[in-house]
Structure formats: C-alpha cells, structure tokens
Amino acid sequence: MIVASPSSLYADLDIEAELDAPLATHTWYGVGGRADLLLRPRSVSALGTLARRCHRDGIPLRVLGSGANLLVDDEGVDGVVVRLDQPAFTGVDFNADGQLERMRVHGGASMERLVQECARRGLRGLEQMAGIPASLGGAVRMNAGGKFGAIGDAIDAVAVIGPDGELRVYPRAELHFGYRETNVPVGVIAWASLRVQEDDPIACRERVKEIFAYKKSTQPMSANSAGCMFRNPMMPGGARESAGKLIDLAGLKGARVGGAFVSQEHGNFLAFDSVARQPSGRTDDMRRLVELVQERVQASFGVELETEVVFWRRGGRA
Ligand SMILES: Cc1cc2nc3c(=O)[nH]c(=O)nc-3n(C[C@H](O)[C@H](O)[C@H](O)COP(=O)(O)OP(=O)(O)OC[C@H]3O[C@@H](n4cnc5c(N)ncnc54)[C@H](O)[C@@H]3O)c2cc1C
C-alpha cells in the first residue's frame, strides 16, 4: 500500500523518518529492496500514536529487529517499517523493581550483548541464547533458541504496544512459548521482563563459551544466511524431524539457484555467495531455491517444509 501523505503519520511525533530507505544493510542476508518509509521512534508514546494511526488508516506496520531472520523482497516493502534503535528502546534495566534476579530488557536491545553482560555480572539464565543474533523483540516473537533452551524459558512478562496504540503487559501465566512460536499478541514488543539467577561469573562465562563453541562447530555462522530456513516438520509419529537431515537425504546439499545455495555444512542453512562479505545473489534466487527444496523434500518424503525465516514483500501481511 502506498501511503498517500506519509508525513501526516509522524510529522508531529518524536520520530526520525527516512523515505525510500535501503533495508539490505539492516538484515543478515544483506539482500532485498527498500522500505517506502522507515521510522525510528524516540519514545514509547510516539510509537503508540504511530501504531494507532497506521491501524486507523489500514497501513501495514512491520517491525525490524536485528534482521537475522528476515528476507526482504527485491521490490522492497510498503507501509511503515519501524526500527527500535533509539535509546528509549535499546536499554536494559538490571535489578528491575529492585530485584537482582529480574531485568527489564527493551525491544531493540541486542541479545548478543545481553548474554555477554549477564555472564560478566554472574547472572545465569540466558546462556541458551549464546550465538543467536537477535534483538529482544525478535527473539521473543520467534521464541528463538535451540538445543539448550529458548528465550521463553526466561520470560516473566512481555509488554506489547497493540494496534490501538496502548501498551499492555502480559504476565507469564498468560503466555505460551513453543517451538519457534509464541502467543504473545500482535503488536510491537516494547520490553520483556526476564528472570535470571545469581551464579559464579566464571562458571557463567564458561557455559556461554561452551554453548557458543557447540553452535560454531555445528552451524556455518559466518555465511550470509538467516540461520535455519525451515522449521523442523512434525512427522506422522508425532515427533519433529530435522529439516536439515531431510534436505541432506534428498541430495540437496550444495544445490543452488543463482547466488543462493544450500550449505554443505548444514542442510537447513540457505546462504548467498559473497564477495568481500557482500552477497552476490538476489532475494528472488533465494525464493526459487526455497521452492526447489520444498518440492524435492515433498517428492522424496511427502513432507511439507514451512519456512521459519520471515519473508517481507509488498502487499504481504505485516
Ligand atoms: C547465523 C545465524 C544463526 C542463527 N541461529 C539461530 C538459532 O540457533 N536459533 C534460533 O531460534 N534462531 C536462530 N537464528 C535466527 C534469528 O537469530 C532469530 O530468529 C532471532 O530471534 C531474530 O531476531 P531479530 O531481532 O533479528 O528479528 P528480525 O529478523 O528482525 O525479525 C524477525 C521477526 O520478528 C519480528 N520482530 C522483531 N522485533 C520485534 C518487536 N520488537 N516486536 C514485534 N515483532 C518483532 C519481525 O517483525 C519479524 O517478524 C539465526 C540467525 C543467524 C543469522
């Protein structure tokens, strides 16, 4: 949707605006087109008003976290893209509510930095997130995690700015966190309250290092990718199967379309060739590679692979 008079959405608000803003530099894939309108609110109230106006006018509002699980279409995206990189959204309040074991982490805060900082302070409970690039909001929305646990394990409450612009706090008892999914309501995750435990800083640092080393030894962390492309599918027996294993068994490791290829190291990592760390493919190459993998896995095993990576496109759902 083309916004007729974009500045009427934000001109009177404490928001930094960029029209026709490149998005590739904000994503780990490093490809894709531009956002018609990229907005960086400087306060929760400005973001609330913006959310309400977008909802009123039927304008899609998308939230960009650290871009580690996103593929932006070559044609870019319409509506509003919000980035929470202003100080009101990037901080961490340790000792929230006067409790050493509770932190309030804002939506745009870097999980990588938080994991390191917790270990340094001797706070245990977030090591499972070592090596997972994310903002707090993106991690919660995806319930990011893996073999060692997920962000949901540490969540005490989540605060969401809904389409009506109101900030609501959802306590743990109302929330569900499953395999790469959650029932956290639609809206912008403004902050979450996380529970940690005091421990020996050396032991905490060792645990983070161990988990990071495990991840590095099993996944091609340096590729131009977004981690796992597909969700592990549920099999007829009721257990999940590794999507990477099915892709491997279907003989797809190394398969490619244009500059996009299936990693030889891990079948569920779909990456781009890169020259001097710049990807040399296009989103369309990746889209066609995803379809190829889905068709071949379906033909070999009768299993439908669903993408875990979020695709943004014009006219698509926000
Ligand atoms: C090298 C590599 C390794 C990875 N390994 C793992 C892994 O082991 N486990 C795992 O689970 N994931 C992994 N991933 C994927 C990625 O790290 C996670 O999905 C992460 O949670 C994405 O967070 P983000 O901030 O980058 O979100 P983005 O990619 O920016 O966005 C993802 C989704 O979250 C939404 N979102 C972002 N911020 C907010 C917000 N504040 N409020 C509401 N919605 C929001 C976006 O709109 C989008 O729908 C990996 C990615 C890479 C590149």
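Analysis parameters
Residues numbered from 1 in each chain as written. Predicted model: local features only at pLDDT ≥ 70, side-chain atom pairs only at ≥ 80, totals over all residues. Heavy atoms only, no water. Pairing = 2+ DSSP bridges. Helix = DSSP H or I, 4+ residues; strand = E, 2+ residues; numbered from the N terminus. Near = heavy atom within 4 Å. Polar contact = N/O pair within 3.5 Å; in protein donor to acceptor, adjacent residues only side chain to side chain. Areas by Shrake-Rupley, 256 points an atom, 1.4 Å probe, with all protein chains shown as cover. Salt bridge = Lys/Arg side-chain N within 4 Å of Asp/Glu carboxyl O. Buried < 20%, exposed > 50% of the residue type's maximum accessible area, 1.4 Å probe, protein only. Domains from an automatic or database assignment. Buried area = accessible area lost by both parts, 1.4 Å probe. Nonpolar A, V, L, I, M, F, W, Y, C, P; charged D, E, K, R; others polar. Phe/Tyr/Trp six-rings, centres within 6.5 Å; stacked < 30°, edge-to-face > 60°. Lys NZ or Arg CZ within 6 Å of the ring centre and 35° of its normal.

(A) Quick peek at the sheet that holds strand 11 (residues 155–161). With antiparallel pairing, the five strands of this open sheet are ordered in space as 6-7-15-11-12. Looking at which strands have only one partner, the edges of the open sheet turn out to be strand 6 (92–93) and strand 12 (167–171). As judged from the five bridges shared by strand 7 (residues 102–106) and strand 15 (residues 188–195), these two strands associate in the antiparallel manner. Along strand 15, the bridge assignment pairs His106 with Trp191.

(B) Focus on the site of the ligand. Residues in close proximity to the ligand total 32 residues, the closest being Val63, Ser66, Pro133, Ser135 and Gly145. Separating an oxygen atom of the ligand from a backbone N or O atom of Asn69 is a distance of 2.7 Å. In the environment of the ligand, an oxygen atom lies 3.5 Å from a nitrogen or oxygen atom belonging to the backbone of Ala139. Contact with the protein chains covers 95% of the free accessible surface of the ligand, which is 980 Å². Contributions of two or more residues to the shell around the ligand are made by strand 3 (61–64), helix 5 (136–142), strand 15 and strand 22 (310–312). Here the element with the most residues in the shell around the ligand is helix 5; it accounts for five residues.

(C) Expanded view of the pattern of salt bridges. Applying the stated criterion across every chain yields a total of 26 salt bridges. A salt bridge links Arg83 to Asp85; the nearest nitrogen and oxygen atoms lie 3.6 Å apart. Residue classification places Arg83 among the buried residues on the basis of a relative accessible area of 16%. According to the relative accessible area criterion, Asp85 is partly exposed, its value standing at 30%. Members of the salt-bridge network, linked through shared partners, are Glu18, Arg40, Arg83 and Asp85.

(D) Focus on the domain arrangement of the chain. Split into domains, the chain comes out as domain 1 (7–87), domain 2 (91–217) and domain 3 (222–312). Placing a centre on the C-alpha atoms of domain 1 and another on those of domain 2 gives a separation of 23 Å. Taking both partners together, domain 1 and domain 2 bury about 1100 Å²; carbon and sulfur atoms supply 70% of that area. Contact with domain 2 buries surface across domain 1, with Val44, Arg52 and Leu84 losing the most and accounting together for 31% of the total. Put simply, domain 1 and domain 2 have zero salt bridges between them. Seen at the junction of domain 1 and domain 2, the total is zero residue pairs in polar contact (both at pLDDT 80 or more). Residue assignment for the side of domain 1 that touches domain 2 shows that the elements contributing at least two residues are helix 2 (44–57) and strand 3. Ranked by residue count, the leading element in the side of domain 1 that touches domain 2 is helix 2, at six residues. Residues that form the side of domain 1 that touches domain 2 fall into these classes: nine nonpolar, five polar and one charged.

(E) Geometry of the packing of aromatic side chains. In the structure shown here, the tally under the stated rule is two aromatic pairs. Look at Tyr29 and Phe272: their rings are 5.4 Å apart centre to centre, the planes differ by 80°, and that puts the pair in the edge-to-face class. Residue Tyr29 is located in the loop between strand 1 (15–22) and strand 2 (34–41), and its partner Phe272 is located in strand 19 (residues 270–272); the two are separated by 243 residues in the primary sequence. Residue Tyr29 is classed as buried on the basis of its relative accessible area of 0%. Note on Phe272: relative accessible area 2%, which makes it buried. Between Phe148 and Tyr214 the ring centres are 5.4 Å apart and the planes differ by 85°, which places this aromatic pair in the edge-to-face class. Placement of the pair is Phe148 in the loop between strand 9 (145–146) and strand 10 (149–150) and Tyr214 in helix 6 (residues 201–218), with a sequence separation of 66 residues. Given a relative accessible area of 36%, Tyr214 falls into the partly exposed group. Here Arg104 stacks its cationic end above the ring of Trp191, 3.6 Å away from the centre of that ring. The lysine or arginine in question, Arg121, covers the ring of Phe94, its NZ or CZ lying 3.7 Å from the ring centre.

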